[in-house]
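# Chain and residue survey
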Amino acid sequence: TKRNDMKKQPLIIVAIDPGASGGIAIYNAAIQCMAMPKSITNLVTILQVLAQESHGNALVIVEDVPKFVAGMQTSPSAMATLHANVGYIKGVVDALGLRLKEVKPRQWQQAVGAGEKKQYGNRWKAHLKDLAVRRFPFLGKSVTLKTADALLILASYIDSQK
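Now for a quick tour of the structure.

Cut-offs and rules
Residues numbered from 1 in each chain as written. Predicted model: local features only at pLDDT ≥ 70, side-chain atom pairs only at ≥ 80, totals over all residues. Heavy atoms only, no water. Helix = DSSP H or I, 4+ residues; strand = E, 2+ residues; numbered from the N terminus. Buried < 20%, exposed > 50% of the residue type's maximum accessible area, 1.4 Å probe, protein only. Contact = heavy atoms within 4.5 Å. Areas by Shrake-Rupley, 256 points an atom, 1.4 Å probe, with all protein chains shown as cover. Axes fitted to C-alpha atoms, helices over the stretch in contact; angles between N-to-C directions. Left-handed = near helix turned anticlockwise from the far one by under 90°. Nonpolar A, V, L, I, M, F, W, Y, C, P; charged D, E, K, R; others polar. Phe/Tyr/Trp six-rings, centres within 6.5 Å; stacked < 30°, edge-to-face > 60°. Pairing = 2+ DSSP bridges. Core = buried A, V, L, I, M, F, W, Y, C linked by side-chain atoms within 4.5 Å.

### Some details on the overall build of the protein chain
- Tallying secondary structure elements over the protein chain gives seven helices and five strands in all.
- When the helices and strands of the protein chain are placed in sequence order, the string is α-β-β-β-α-β-α-β-α-α-α-α.
- By the burial criterion, 41% of the 162 residues in the protein chain qualify as buried.
- In the protein chain, the proportion of contacts linking residues at least 24 apart, taken out of those at least 6 apart, comes to 61%.
- Accessible area of the protein chain: about 9300 Å², with a carbon and sulfur share of 55%.

Below, the structure is given as structure tokens:
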């Protein structure tokens, strides 16, 4: 039931767009965001700090990246890196004893009313950034092409809990 789910609400929610040019959005009394750290060590440190702050009561939401998409513009090496990042993140989250939720791109995009990628063509990422700016105007210049997806993933989760 909804009432029981509310009691289990995570103290901290972390939304991650796992791409090399992705980002992290954190809901912990306030909302903050940052570009994906350049090193895995830095990402592990961030997750360790959040695990400690939440006393293990955190939910990490990771974009469930597609295994294969016909006609994809992304290079095979970039896809391999993306999948390696996702696997690493899942392992770290598990090792820290945090909860993990995966969300498909289409699912969070639909939840925030993003429309379809084909409508926007090469302006898709800019469109997502615009949506994130409108949703989180108080974050100012922190909302970038790198952080927009993570913020919208976070927004889709928050909205689903209402």
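Next, the rest of the story.
### Observations regarding the packing of helix H2 (residues 40-53) against helix H3 (residues 76-95)
- At a closest axis distance of 11 Å, the pairing of H2 and H3 adopts a crossing angle of 35°. In this structure, H2 meets H3 at a crossing whose hand is right-handed. The residues of H3 that touch H2, namely those facing Ile-40, Leu-43, Val-44 and Leu-47, are Asn-85, Tyr-88, Ile-89, Val-92 and Val-93.
- Taken together, the residues that form the contact of H2 with H3 break down as eight nonpolar, one polar and no charged.

### So, the packing of aromatic side chains
- Counted by the stated rule, this structure contains two aromatic pairs.
- Judged by centre distance (5.9 Å) and plane angle (45°), the rings of Tyr-120 and Trp-124 are tilted.
- A relative accessible area of 30% means that Tyr-120 is categorised as partly exposed.
- Seen in terms of ring centroids, Phe-136 and Phe-138 are 6.0 Å apart; in terms of plane orientation they differ by 85°. Their pairing is edge-to-face.

### Things to note about the sheet that holds strand S2 (residues 23-28)
- Pairing is mixed in the open sheet, where five strands are placed in the order S3-S2-S1-S4-S5. Among the strands making up the open sheet, the edge pair consists of strand S3 (30-35) and strand S5 (99-103). Sheet twist, expressed as the mean angle between neighbouring strand axes with direction ignored, is 15°.
- In this structure, strand S1 (residues 12-17) lies alongside strand S4 (residues 58-63), joined through five bridges in parallel fashion. The partner of Ala-15 across the bridge, within S4, is Ile-61.

### Concerning the nonpolar core
- Ranked by size, the top nonpolar core spans 26 residues in total, and within it Ala-25, Ile-61, Trp-108, Leu-128, Leu-139, Leu-151 and Leu-152 carry the most contacts.
- Contributions of two or more residues to this core are made by S1, S3, S4, helix H6 (124-135) and helix H7 (148-160).
- When residues of this core are assigned to their parent elements, the largest contribution, eight residues, is made by H7.
- The contact partners of Trp-108, leaving out residues within four places of it in the chain, are Glu-63, Val-103, Leu-128, Asp-149, Leu-152, Ile-153 and Ser-156.
- Ranked by size, the runner-up nonpolar core spans 22 residues in total, among them Val-14, Leu-47, Met-79 and Val-86.

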